[in-house]
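Close look at the chain arrangement
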Amino acid sequence: MLTFLALTSVAFLGIVPEQSQAIAIYTGWERHALVGSDIRLSCSFFSWRWTSEDVTFSWTYRPDGSRDSISIFHYTGGAAYVDNKGPFRDRLEFVGNPGRRDGSILLKNLELNDNGTFTCDAKNPPDIVGRPSSVRLLVFEKVPIQAGVITGAIIGVVLGLLVLIVVIYYLMRFLVARRVFSLSVSKHGKKKKEGSQQRQGPVPPADPSKIKV
């Protein structure tokens, strides 16, 4: 009954409640890092509305081999709150910009035990319905062989292409210079021949009286 009266009052006053729309949240898919390094985990969202002053970001962490997730970070009301009892209590920093829909965090001094899945959720009231996005973090003591091979292959291909481009460039310059030189020599020889003929003059006709019969 009270709900009916409230809706009737809203309709009578001409007040239409703002409708909520879906929000899309984005993170990376998988990140690799070395022990002792820092890494930035990005989180952003898309909403049809302007960024609300009540925008919120939440990060949770699920270690590899565990089914339970723990809350490690929350941003609301313009303030950032880091879990002071979790595994990242002294190693997590908020580096995002909520005004630009950025809820990124920075994990410092990574450890092997940090391997796991990080999930970001964002709300931009009245748009609060959205699917959280997750990114998996893999921490290594040294660069994995596979990653090293792939990186080396990419570098090799790039260097090979650069060398090929340089070779083609100088080959084209050589061919063009050779062609220009050939044309120049040919033109110079033709002019020299014409000049020689002009200096010699026309050949005088033979004297008929000196011709022996």
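Just so you know, these numbers come straight off a predicted model, no measurement behind them.

Cut-offs and rules
Residues numbered from 1 in each chain as written. Predicted model: local features only at pLDDT ≥ 70, side-chain atom pairs only at ≥ 80, totals over all residues. Heavy atoms only, no water. Pairing = 2+ DSSP bridges. Helix = DSSP H or I, 4+ residues; strand = E, 2+ residues; numbered from the N terminus. Axes fitted to C-alpha atoms, helices over the stretch in contact; angles between N-to-C directions. pLDDT = per-residue confidence, 0-100. Contact = heavy atoms within 4.5 Å. Buried < 20%, exposed > 50% of the residue type's maximum accessible area, 1.4 Å probe, protein only. Phe/Tyr/Trp six-rings, centres within 6.5 Å; stacked < 30°, edge-to-face > 60°. Core = buried A, V, L, I, M, F, W, Y, C linked by side-chain atoms within 4.5 Å.

Examining the pairing of strand E6 (residues 70–76)
Pairing between strand E5 (residues 56–63) and E6: five bridges, direction antiparallel. Its bridge partner being in E6, Tyr61 is matched across the sheet by Ile70. What sits between the antiparallel neighbours E5 and E6 is a turn of six residues, in which Gly65 has the positive phi angle 85 degrees. Bridging between E6 and strand E7 (residues 79–82) involves four bridges; their strand directions are antiparallel. Across the sheet, His74 pairs through a bridge with Tyr81, a residue of E7. In this structure, the hairpin formed by E6 and E7 is closed by a connection of two residues, where Gly77 is found at a positive phi of approximately 60 degrees.

Regarding the sheet that holds strand E3 (residues 39–41)
With respect to topology, three strands assemble into an open sheet ordered E3-E9-E8, the strand pairing being antiparallel. Among the strands making up the open sheet, the edge pair consists of E3 and strand E8 (92–94). In this sheet, adjacent strand axes meet at a mean angle of 25 degrees when their direction is disregarded. Note: E3 against strand E9 (residues 105–107), three bridges, orientation antiparallel. Note that in E9 the partner of Arg40 across the bridge is Leu106.

Some words on the confidence of the model for the protein
For the protein, mean pLDDT is 82; residues scoring 70 or higher make up 74% of the total. No element of the protein has a lower mean pLDDT than helix H1 (residues 2–13), which averages 40, and none a higher one than E9, which averages 98. Here residues 1–17 is modelled with pLDDT under 50, and outside its nearest four sequence neighbours on either side it reaches two contacts, counting other chains as well.

Examining the environment of Ala22
Tracing the backbone shows Ala22 in the loop between H1 and strand E1 (24–27). Overall, the relative accessible area of 56% leaves Ala22 in the exposed class. Between the alpha carbons of Ala22 and Lys123 there is a distance of 9.8 Å; along the sequence they are 101 residues apart.

Let's talk about the packing of aromatic side chains
Within the structure shown, the criterion is met by eight aromatic pairs. Taking the centre distance of 5.2 Å and the plane angle of 80 degrees together, the rings of Tyr169 and Tyr170 count as edge-to-face. The class for Tyr169 is partly exposed, based on a relative accessible area of 46%. Within the aromatic cluster, the residues linked to one another by ring pairs are Tyr61, Phe88 and Phe118.

Remarks on the nonpolar core
If you look at the biggest cluster of nonpolar residues, it comprises 26 residues, and the most contacted ones within it are Phe57, Trp59, Ile72, Phe73, Ile105, Leu107 and Phe118. Within the residue set of this core, elements represented by two or more residues are E3, strand E4 (43–46), E5, E6, E8, E9, strand E10 (116–123) and strand E11 (133–140). Leave out the neighbours within four places in its chain, and Ile72 touches Trp59, Thr60, Tyr61, Tyr81, Val82, Asp83, Phe88, Leu92, Ile105 and Phe118.

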